[in-house]
Amino acid sequence: MNKQQSKYRWVVFGVLLLAYLFMVSQRTAPGLITDQLMEEFHLTAATIGLITSIQFFAYAGLQIPIGLFSDRFGPNVFLVAGTLLNGLGTILYSSVDNSYMLIFARLLCGIGDATIWVNLVLVLSIWFKQQEFSMLVGFAGMTGSLGFLLATVPFSSTISLLGWRLPFLIVGIVIFTLGMGLYVVLIKYPKKKFQMEEEKNQKETNEPLLVIIRRLLVNRQAWATFLCHFGVVGTYIGFIGSWAVPYGMDIYGLSRSSASEVIMYGLFGAIIGAPLTTYLSTFFDRVKAPYVIVQMLSVSAWITLVLMGGEPPYLLFILLFVIIGYANGASALTFTVVRQSFHIKEVGLISGFANTGGFLSAVLLPAIFGKVLDHFANFDVTTAYQYGLYIPLSFAIIGLIGVFMLYEPTVYRQKLKMSQMKKSVG
């Protein structure tokens, strides 16, 4: 039986989304206990920064290698191993007694987390038809936003009730169990039911790795997806993960909990953005046009913040943050472009390359933003933040450049076909 026609593919989709939901929640959940970690382990702010960043460095650094090897050897083993590793790292995080083990635990989480999205995209490409892919990757993007939402009030309330160690232990066990579930649904059961199809795929020959990488580095469509993701993902994740709460407290005089609510508004935008934009893309059978609108909305939101001196009316600020969150959710279109533009044997690599753009931006933005704030520390805080906001605005403009570089996938495939015909004639 063909995988893309079987009802079993929905079981794969369900278990995969559950794993993604809980793994994403653990990207930002440690930020809820920063003060407790500093007090319990006598940590400096610099050490906390290292613990926070190590997971994202591991994630960003492994995207291209994971994509490359997943294309070559299949996504299943990497997904299972990564989920188990993430669960193990979270369990370890709940039981550590020194800062070195905290760093090691987050490193394990980052290595495991690096496998999830690229291979999720690849699994959807293998198990679902192309016309189903766009909507499903939108739902996957929405699930990621729900994971971030899970790591706000629900997880914070649980920590207040049970202390910080037990909630992390429980989530770690859940993720580890889902890793074993992925082994069953992706490897053990399909070996019996889809064995002939697996054997056929394994017989396909693979190109040398250097040839594949060289082709990636000169591919305009691949770089366009990298820049698109850089513009709308990193500006959002990097900002909410570092400066959004201090911004709300310093500029609007909000309490920490009230400032955290602003992040939730952005998450609601992201939750809407993924399925709605991918639905519109599918309905109109266009990817570039809706993505241009998304990138322009993102740039417009950041420009408005800058032009209003970094201090727009509070209700407008919330609206702008919802728009920025929406653009982040709509970045699922990046992977619709990848799926529709490239051969299935390259989807993992190109997805990893595009995802690297988003998380490189998320790593760079907090550090550069902080440098700008330090530079203008002698000015009033509003002026410092106003100049700091030029950083996400600059990143968003890079995303806009990327989307204008983008070919509509149908156009790209035609250009690729013509290029191949010229080579064969030559």
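The rules behind these values
- Residues numbered from 1 in each chain as written.
- Predicted model: local features only at pLDDT ≥ 70, side-chain atom pairs only at ≥ 80, totals over all residues.
- Heavy atoms only, no water.
- Phe/Tyr/Trp six-rings, centres within 6.5 Å; stacked < 30°, edge-to-face > 60°.
- Helix = DSSP H or I, 4+ residues; strand = E, 2+ residues; numbered from the N terminus.
- Buried < 20%, exposed > 50% of the residue type's maximum accessible area, 1.4 Å probe, protein only.
- Expected span 1.5 Å × (residues − 1).
- Polar contact = N/O pair within 3.5 Å; in protein donor to acceptor, adjacent residues only side chain to side chain.
- Contact = heavy atoms within 4.5 Å.
- Axes fitted to C-alpha atoms, helices over the stretch in contact; angles between N-to-C directions.
- Left-handed = near helix turned anticlockwise from the far one by under 90°.
- Nonpolar A, V, L, I, M, F, W, Y, C, P; charged D, E, K, R; others polar.
- Parallel < 35°, antiparallel > 145°, perpendicular 65-115°, else oblique.
- Patch = residues over 30% accessible without salt bridge, like charges linked within 9 Å, V, L, I, M, F, W, Y side chains within 5 Å.
- Areas by Shrake-Rupley, 256 points an atom, 1.4 Å probe, with all protein chains shown as cover.
- Salt bridge = Lys/Arg side-chain N within 4 Å of Asp/Glu carboxyl O.

Chemist: Just checking my understanding: could you explain the packing of aromatic side chains for this structure?
Modeler: Within a pair of aromatic rings, the relevant descriptors are the distance that separates the centres and the angle that separates the planes. Applying the stated rule across the entire model yields 36 aromatic pairs. With centroids separated by 5.0 Å and ring planes inclined at 65°, the aromatic side chains of W10 and F128 adopt a geometry described as edge-to-face. Residue W10 is found in helix α1 (residues 9–28), and its partner F128 is found in the loop between α6 (116–127) and α7 (130–150); the two are separated by 118 residues along the sequence. Taking relative accessible area as the criterion, W10 reaches 41% and is therefore assigned partly exposed. Ring centres 6.4 Å apart and planes at 45° place the aromatic pair Y236 and F321 in the tilted group.

Chemist: Would you take a moment to explain the environment of M249 for this structure?
Modeler: Along the chain, M249 falls in helix α14 (residues 244–252). For M249, a relative accessible area of 28% gives the class partly exposed. In sequence terms M249 and A259 are 10 residues apart; their C-alpha atoms lie 6.2 Å from each other.

Chemist: Is there a simple way to think about helix α12 (residues 220–232) in this case?
Modeler: An α-helix turns once per 3.6 residues; consequently, residues spaced three or four apart project the same way. For α12, which comprises 13 residues, the first-to-last C-alpha distance of 19 Å matches the rise-based estimate of 18 Å (1.5 Å per residue) to within 8%. α12 sits mainly inside the fold: 11 of its 13 residues count as buried. Among the residues making up α12, those that are buried are Q221, A222, A224, T225, F226, L227, C228, H229, F230, G231 and V232. By the N-cap criterion, in which a side-chain oxygen at the helix start approaches the backbone nitrogen of a residue two or three places on, α12 is capped by N219, the distance to Q221 being 2.9 Å.

Chemist: How should the side chain of T336 be read in this particular structure?
Modeler: Turning to its location among the elements, T336 is positioned in helix α18 (residues 333–341). In this structure T336 touches F133, S134, V137 and V287, once residues within four positions along its chain are discounted.

Chemist: Help me out: how do you make sense of the packing of helix α4 (residues 76–93) against α6 in this one?
Modeler: Geometrically, a packed helix pair is captured by the angle between its two axes and the distance between the axes. Two elements in contact, α4 and α6, have axes separated by 9 Å at closest approach and are oriented at 145°. In this structure, α4 crosses over α6, and the sense of that crossing is left-handed. For the pair α4 and α6, contact is made by N76, F78 and L79 and by I116, N119 and V123, respectively. Broken down by class, the residue content of the contact of α4 with α6 amounts to four nonpolar, two polar and no charged.

Chemist: In this structure, what is going on with the environment of D71? I would like to understand it.
Modeler: Relative to the elements of secondary structure, D71 occurs in helix α3 (residues 45–73). With 74 residues separating them in the primary sequence, D71 and S145 have C-alpha atoms 26 Å apart. Discounting residues that sit within four places of it in the chain, D71 has contacts with L122, I344, K345, E346, V347, G348 and L349. Among the polar contacts listed, one links the side chain of D71 to the backbone nitrogen of G348, at a separation of 2.7 Å.

Chemist: Even after reading the chapter, I still don't get the packing of helix α16 (residues 288–307) against helix α17 (residues 314–330), so can you show me in this structure?
Modeler: Between α16 and α17, whose axes approach to 9 Å, the crossing angle comes to 150°. On the basis of the axis angle, α16 is roughly antiparallel to α17. The chirality of how α16 crosses α17 is left-handed. Along its contact with α16, which presents Y291, V294, L297, S298, A301, W302, T304 and L305, the element α17 presents L316, F317, L320, I323, I324, Y326, A327 and A330. Per-class residue counts for the contact of α16 with α17 are 14 nonpolar, two polar and no charged.

Chemist: Please clarify how a nonpolar patch on the surface should be interpreted in this entry.
Modeler: A surface patch of nonpolar side chains, amounting to about 530 Å² of accessible area, comprises L161, L162, L166, L169, I170 and I173. Mapped onto the nonpolar patch, the elements with two or more residues apiece are α8 (153–162) and α9 (165–193). The biggest single contributor to the nonpolar patch is α9, with four residues. Among the structural elements, I170 can be located in helix α9. Accessibility expressed as a relative area gives 42% for I170, which makes it partly exposed.

Chemist: I would appreciate a short explanation of the pattern of salt bridges in the present structure.
Modeler: Note that side chains of opposite charge can pair when their charged atoms are close. For the coordinates displayed, the defined rule picks out four salt bridges. For D113, the salt bridge goes to R27, with nearest N and O atoms at 2.7 Å. Remark: R27 occurs in helix α1 and D113 occurs in helix α5 (residues 99–113); sequence separation between them is 86 residues. Assigned by exposure class, D113 and R27 land together as buried. Taking the shortest distance from any N to any O, the salt bridge between R215 and E346 comes out at 2.6 Å. Residue R215 is located in helix α11 (residues 209–217), and its partner E346 is located in the loop between α18 and α19 (347–375); the two are separated by 131 residues in the primary sequence. Judged by its relative accessible area of 31%, R215 is partly exposed.

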